[in-house]
Amino acid sequence: MRSEAARSAQAAELFLARFGAAPDGVWLAPGRANLMGEHTDYNDGFVLPFALSQGTTAAAGYRPDRRLVLCSRQEPGREVELALDDLAPGQVTGWAAYPAGIAWALSAAGYQVPGACIAIDSDLPAGAGLSSSAALECATALALLALLALPAPSPIPRPALAAIAQRAENEFVGVPSGIMDQSASLLGQAGHALLLDCRSLETAQVPFDPAAADARLMLVNTRAKHELSDGEYGQRRAECEQAARLLGVPSLRSVTDVRELDRLADPVLRRRARHIVADNQRVLEVVGLLRSASGAGGSGAGAYRDIGRLLTAAHLSLRDDFEVSWAEADAAVDAALAAGALGARMMGGGFGGSVLALVPRRAGGQIREAVAETFGRHAWTAPEFLDAVPSASARRLALQLGSPGSQGGTPCRYETKPRRSRARLPSCGTRSTASPRSAWTCPRPKPRCWRRWTVCRSRSAPGRGSAR
Ligand code: GLA
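Quick caveat, the model's predicted, so the values are computed rather than measured.

Caption draft 1: How the structure looks around helix α9 (residues 327–338). With 12 residues, α9 should cover 16 Å at 1.5 Å per step; its first-to-last C-alpha distance of 17 Å lies within 8% of that length. If you check which residues of α9 are buried, you get E328, A329, D330, A331, A332, V333, A335 and A336. On its buried face, α9 is in contact with β8 (215–221), α8 (301–321), β9 (343–346), β10 (354–360) and α10 (364–377). Trailing α9 by a residue or two, G340 shows a phi angle of about 115°, which is positive.

Caption draft 2: Looking closely at the site of the ligand. Inspection of the region around the ligand gives 13 residues, with E38, H39, D41, D181 and Y233 positioned closest. Separating an oxygen atom of the ligand from a side-chain N or O atom of R32 is a distance of 2.9 Å. In this structure, an oxygen atom belonging to the ligand sits 2.5 Å away from a side-chain N or O atom of Y233. For the ligand, whose free accessible area comes to 310 Å², the fraction covered by protein is 99%.

Caption draft 3: A look at the packing of α8 against α9. It is the contact of α8 with α9, at a shortest axis distance of 12 Å, that shows an interaxial angle of 155°. In terms of orientation, α8 and α9 fall into the roughly antiparallel class. At the point where α8 passes α9, the crossing takes the left-handed sense. Touching T312, H315 and R319 of α8 are A329, D330, V333 and L337, all from α9. Here the residues of the contact of α8 with α9 sort into 3 nonpolar, 2 polar and 2 charged.

Caption draft 4: Structural detail: the pattern of salt bridges. All chains considered together, the criterion is met by 28 salt bridges. Residues D181 and R32 are paired through a salt bridge, measuring 2.8 Å at the closest nitrogen-oxygen approach. Here D181 is found in helix α5 (residues 180–187), whereas its partner R32 is found in strand β1 (residues 25–36), with 149 residues between them in sequence. Classification of R32 as buried rests on a relative accessible area of 4%. Where R272 meets E323, a salt bridge forms, and the shortest distance between an N and an O atom there is 2.9 Å. Residue R272 is found in helix α7 (residues 267–295), and its partner E323 is found in the loop between α8 and α9; the two are separated by 51 residues along the sequence. R272 gets classed as buried once you look at its relative accessible area, which sits at 5%.

Caption draft 5: Quick peek at the environment of R158. One can find R158 in helix α4 (residues 158–173). With relative accessibility at 9%, the residue R158 sits in the buried group. Between the alpha carbons of R158 and Q182 there is a distance of 9.5 Å; along the sequence they are 24 residues apart. In terms of polar contacts, R158 uses its side chain to reach the backbone carbonyl oxygen of A394, at 2.9 Å.

Caption draft 6: Broad picture of the side chain of T40. Relative to the assigned elements, T40 resides in the loop between β1 and β2 (46–63). Exposure remark for T40: the relative accessible area of 0% places this residue in the buried category. The contacts of T40, once residues within four sequence positions are left out, are G45, F46, V47, I276, D279 and N280.

Caption draft 7: Local environment of the environment of L284. As for its placement among the helices and strands, L284 is situated in helix α7. C-alpha of L284 to C-alpha of G37: the two residues are 247 residues apart in sequence and 9.3 Å apart in space.

Caption draft 8: Geometry of the packing of aromatic side chains. Tallied over the full model, the rule gives 6 aromatic pairs. Both rings, one in Y42 and one in Y233, keep their centres 5.4 Å apart while their planes meet at 70°; by these two values the pair is edge-to-face. Within this pair, whereas Y42 is found in the loop between β1 and β2, its partner Y233 is found in helix α6 (residues 232–247), the two being separated by 191 residues in sequence. Judged by centre distance (5.7 Å) and plane angle (45°), the rings of W104 and F172 are tilted. Linking W104 in helix α2 (residues 97–108) with F172 in helix α4, this pair joins segments that are 68 residues apart in sequence. With respect to class, W104 is no different from F172; both count as buried. Three or more aromatic residues link up through ring pairs in this structure, and these residues are F50, F208 and Y304.

Parameters and conventions
Residues numbered from 1 in each chain as written. Predicted model: local features only at pLDDT ≥ 70, side-chain atom pairs only at ≥ 80, totals over all residues. Heavy atoms only, no water. Helix = DSSP H or I, 4+ residues; strand = E, 2+ residues; numbered from the N terminus. Expected span 1.5 Å × (residues − 1). Buried < 20%, exposed > 50% of the residue type's maximum accessible area, 1.4 Å probe, protein only. Contact = heavy atoms within 4.5 Å. Near = heavy atom within 4 Å. Polar contact = N/O pair within 3.5 Å; in protein donor to acceptor, adjacent residues only side chain to side chain. Areas by Shrake-Rupley, 256 points an atom, 1.4 Å probe, with all protein chains shown as cover. Axes fitted to C-alpha atoms, helices over the stretch in contact; angles between N-to-C directions. Parallel < 35°, antiparallel > 145°, perpendicular 65-115°, else oblique. Left-handed = near helix turned anticlockwise from the far one by under 90°. Nonpolar A, V, L, I, M, F, W, Y, C, P; charged D, E, K, R; others polar. Salt bridge = Lys/Arg side-chain N within 4 Å of Asp/Glu carboxyl O. Phe/Tyr/Trp six-rings, centres within 6.5 Å; stacked < 30°, edge-to-face > 60°.

What follows is the structure, given as structure tokens:
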């Protein structure tokens, strides 16, 4: 795993290479894994996710106009420049819709979002069901809040920020996801899983330390890409809402006894609802087991074995009742269990993405081999294995300007060398030629624009704005 200093330096270098100046800051937001509670969030139920050590950085710099310029190391050639005042749902597509949606949702919530240049980098595999989208949203949100021209009177509470990020995803991007991913990214704590009651939005940090029980969590990226926007997710959501309507309850969270589901005549709706009711119960059981493991004074090995069994039960429920699993996930779960995993299940929205396996620490190698061998037999793309370590939430990183051999350390190379005559102001605007000194255009004539740029750069000390 890269250190925070290395991540910050790489993010700053990316910004410098593209925008010709050091960023005002670098913000990191983690992806998430989910220990238990799948598709329960939009049913007002319980979820138990945790923040990963893998995440997304946003290196950002204030710009004195109302434009947002976005580039990403993972999306070369797909840079986007937008006018903040023209942002509207559905207008931006592709990866940039997520950060643009954040600017839109923050403005809608009353924040004076500033113009900004933002360079994105990530070590979260896209489409792996590890919430790279939520990480992108949350990193951008922290960056924009920190660059606010007028500091907000008080820092925005993280749960409120999660709701703003969810709104960006639901309304601006058009993906009908729940609140789990943004909450995990913004509220996770190292060594803990986050119990979130999606009805009351109350949270509790639950100690989660598999290593103490000589176990670890392994993620298997099955490389089958998942896309939440492609319809099946929305269909499951609609089915759950229909089941709740037919049962006469505000949401499936209100059902705690599966026998109540016998009133549903439609076998498909009954199965969908059964998964939700059972998964809500599994979340609470896992929380009980984790608390007993951390309070017992012993290793908690027995509790982790039970958690493993619950993981596997959840997989069967997602596969057979909710019908969101996919061939590679089923095969990875079977292979992992046969090779000694304590439990395993598909994770996230489904139809692609990752499997989460709880494995005895010493069995990691043989489980990886067994899963890889199964994929090879099917001639599937080889899976990717990642460690899932409960980690800290989104935060500002100390700005690292320059690693050995880089050109970092220059606050803004244009600041001290204004060009003569009618040259246009360098800004983090449109790149127009190959020459670094003439690579920038700005809509304003030099003198006024230049002064504003210099002023704005000199305001770049940390501490402006409201976000941490
Ligand atoms: C996706 C969504 C979440 C949640 C999960 C399924 O990750 O973004 O809100 O619904 O699927 O649990």
